[in-house]
Amino acid sequence: MSSLYRKYRPAQFSEVVGQSHIVNILEAEVKKVESAAQPSHAYLFAGSRGTGKTTIARIFAQNIGTAPEDIYEIDAASNTSVEDIRTLNEAVYTLPLNSKFKVYILDEVHMLSKSAFNAFLKTLEEPPKHVIFILATTELHKIPETIISRCQLFHFAKPTVETLKNHVINVARKEGVEMDEKAAEVIAMVGNGSYRDTLSTLQSVVGMAKAGGKDSAKVSLEEVEKIISVPPHLLVSSFVDAVLGARAGSESVSADSTGLAAGISILKKIHESDMDVKIFADLVMSELRAFLLSEAGITKSKKQVADAIRMLELLLAHREQVGKTFVSVMPIELALFKFFV
């Protein structure tokens, strides 16, 4: 099966998901070109990985009439030296082969050395009229202000879990797989704000669901949990019940167990099973949020509401420490201890 990310990579602005604020401006730039006006000479696309920076750069280049042979993609991480940039500075003065413009897409541009940035500055400021630069970066803070000030800056939004969930459902359906909403939400969480990573995870699920030559399949939350080794929903609900006390209609925390003991037991299972602790924390926060926002079906006490808010605050404060300690689950254990102390 071909890569889902490549297969469903947008080819036109109308297919781009979640970046309408950028698409609208770039479509206006395209109209400039169509009316024989000059577009901006340099754009800077900033955002986390997998948000579509390079894809949108290619779409923009194509929409202003640039032929594939006049679009140059350069990995700045592999071409960091001043000599590389001097070569680029010389190349820009040659005319396009079959287009009005030559478009240079410099990916991970923050990787350029200080001397390379200095060498690039003059060309970036006053390039030939037939040259357009599109710089892409995941670390805007590493780009010199002198470079930023000479570009039209676009901040790429990290897609929400809801956006990614809907994208997963739509792509899965096109692949002949009906995806349970909760299952799609888990895949979206694993994707961690990246369209690329989300579709890579979905590819594993689709492959397993259609194993044996099936033309169509349905995928449940439980099946997704098994395929991609995320914490089972029962453990998540049990942890939330340990924090809130047994919620109305829930029996996942036995009457003779304390919340702290139950929580520690669940975290021990997460650690011993080598499950993704960040995803577990995200799932717990998602369930706590749903509890707070729900209006029907659950009887809430003031204490439960206060406890849910307190645990959300602690998890938000400690989640980013996961992976930075020698025991990955330790930050969540610390949050649990602070909650009960």
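Rules used throughout
- Residues numbered from 1 in each chain as written.
- Predicted model: local features only at pLDDT ≥ 70, side-chain atom pairs only at ≥ 80, totals over all residues.
- Heavy atoms only, no water.
- Helix = DSSP H or I, 4+ residues; strand = E, 2+ residues; numbered from the N terminus.
- Buried < 20%, exposed > 50% of the residue type's maximum accessible area, 1.4 Å probe, protein only.
- Contact = heavy atoms within 4.5 Å.
- Phe/Tyr/Trp six-rings, centres within 6.5 Å; stacked < 30°, edge-to-face > 60°.
- Axes fitted to C-alpha atoms, helices over the stretch in contact; angles between N-to-C directions.
- Parallel < 35°, antiparallel > 145°, perpendicular 65-115°, else oblique.
- Left-handed = near helix turned anticlockwise from the far one by under 90°.
- Nonpolar A, V, L, I, M, F, W, Y, C, P; charged D, E, K, R; others polar.
- Salt bridge = Lys/Arg side-chain N within 4 Å of Asp/Glu carboxyl O.
- Pairing = 2+ DSSP bridges.
- Right-handed = clockwise from strand over helix to strand, strands pointing away.
- pLDDT = per-residue confidence, 0-100.
- Patch = residues over 30% accessible without salt bridge, like charges linked within 9 Å, V, L, I, M, F, W, Y side chains within 5 Å.
- Areas by Shrake-Rupley, 256 points an atom, 1.4 Å probe, with all protein chains shown as cover.

## Concerning the overall build of the protein chain
And step 1. The helix and strand tally for the protein chain stands at 15 helices and 7 strands.
And step 2. By principal-axis analysis of the C-alpha atoms, the protein chain measures approximately 80 × 50 × 35 Å.
And step 3. For the protein chain, the residues scored as buried account for 47% of the 341 residues in total.
And step 4. Of the contacts made within the protein chain by residues no fewer than 6 positions apart, 75% connect residues no fewer than 24 positions apart.

## Notes on the packing of aromatic side chains
And step 1. Per the stated rule, a full pass over the model turns up 9 aromatic pairs.
And step 2. Their ring planes at 90 degrees and their centres at 5.1 Å tell us that Phe 120 and Phe 133 sit as a pair that is edge-to-face. Of the two residues, Phe 120 sits in helix H5 (residues 114-125) while Phe 133 sits in strand S4 (residues 131-137), which places them 13 residues apart along the sequence. A single burial state applies to Phe 120 and to Phe 133, both of which are buried.
And step 3. Ring pairs connect the aromatic residues Tyr 43, Phe 45, Phe 60, Phe 154 and Phe 156, which therefore count as one cluster.

## Brief notes about the packing of helix H7 (residues 161-174) against helix H9 (residues 195-209)
And step 1. Running from N to C, H7 and H9 cross one another at 45 degrees; their axes reach a closest spacing of 11 Å. It follows from the interaxial angle that H7 and H9 lie oblique. Of the two possible hands of crossing, H7 and H9 adopt the one that is right-handed. Between H7 and H9, the residues in contact are Thr 163, Leu 164, His 167, Val 168, Val 171 and Ala 172 and Tyr 195, Thr 198, Leu 199 and Leu 202, respectively.
And step 2. For the contact of H7 with H9, the class distribution of residues is 7 nonpolar, 3 polar and no charged.

## Focus on the pattern of salt bridges
And step 1. Scanning the model with the defined rule gives 15 salt bridges in all.
And step 2. For Lys 142, the salt bridge is made with Glu 139, and the minimal N-O distance between the two is 2.9 Å.

## Examining the sheet that holds strand S2 (residues 71-75)
The strands making up a sheet associate through backbone hydrogen bonding, with each pair oriented either parallel or antiparallel.
And step 1. Strand order in the open sheet formed by 5 strands is S2-S3-S4-S1-S5, with parallel pairing between adjacent strands. Two strands bound the open sheet, and with one partner strand each, they are S2 and strand S5 (152-155). The average angle at which neighbouring strand axes cross in this sheet is 15 degrees, direction not considered.
And step 2. For strand S3 (residues 102-107) and S4, the ladder comprises 5 bridges, and the chain directions are parallel. Looking across to S4, one finds that Val 103 is bridged to Ile 132.
And step 3. Along the sheet, helix H2 (residues 20-34) makes contact with strand S1 (42-46) and S5, crossing S5 at roughly 150 degrees.
And step 4. Contacts from H5 reach S1, S3 and S4 within the one sheet, and its direction differs from that of S4 by about 135 degrees.

## Here's the deal with the pairing of S2
Along any regular strand, the residues point their side chains to alternate faces of the sheet.
And step 1. Pairing geometry for S2 and S3, over 5 bridges, is parallel. In the strand pairing of S3, Ile 71 is matched with Val 103.
And step 2. For the crossover from S2 across helix H4 (residues 82-91) to S3, the handedness is right-handed.

## Looking at the confidence of the model for the protein chain
And step 1. The predicted model of the protein chain averages 88 in pLDDT, with 93% of residues at 70 or higher.
And step 2. Here residues 251-256 scores under 50 on pLDDT; set against residues more than four positions off or in separate chains, the count is 8 contacts.

## Points about a nonpolar patch on the surface
And step 1. A contiguous nonpolar surface patch, about 310 Å² in accessible area, is contributed by Ile 264, Phe 337 and Val 341.
And step 2. Overall, the relative accessible area of 86% leaves Val 341 in the exposed class.

## Digging into unusual backbone geometry
And step 1. Despite not being glycine, Glu 108 has its phi angle at roughly 50 degrees, a positive value.
And step 2. By the secondary structure assignment, Glu 108 is in the loop between S3 and H5.
And step 3. A positive phi angle, close to 50 degrees, is found at Asn 192, a residue other than glycine.
And step 4. Relative to the helices and strands, Asn 192 is located in the loop between helix H8 (181-191) and H9.
And step 5. A relative accessible area of 47% places Asn 192 in the partly exposed class.

## A few points about the side chain of His 130
And step 1. Structurally, His 130 can be placed in the loop between H5 and S4.
And step 2. Residue His 130 is classed as buried on the basis of its relative accessible area, which comes to 12%.
And step 3. Those residues in contact with His 130, other than ones at most four positions away along the chain, are Val 92, Tyr 93, Thr 94, Leu 95, Pro 96, Lys 100, Phe 101 and Lys 102.

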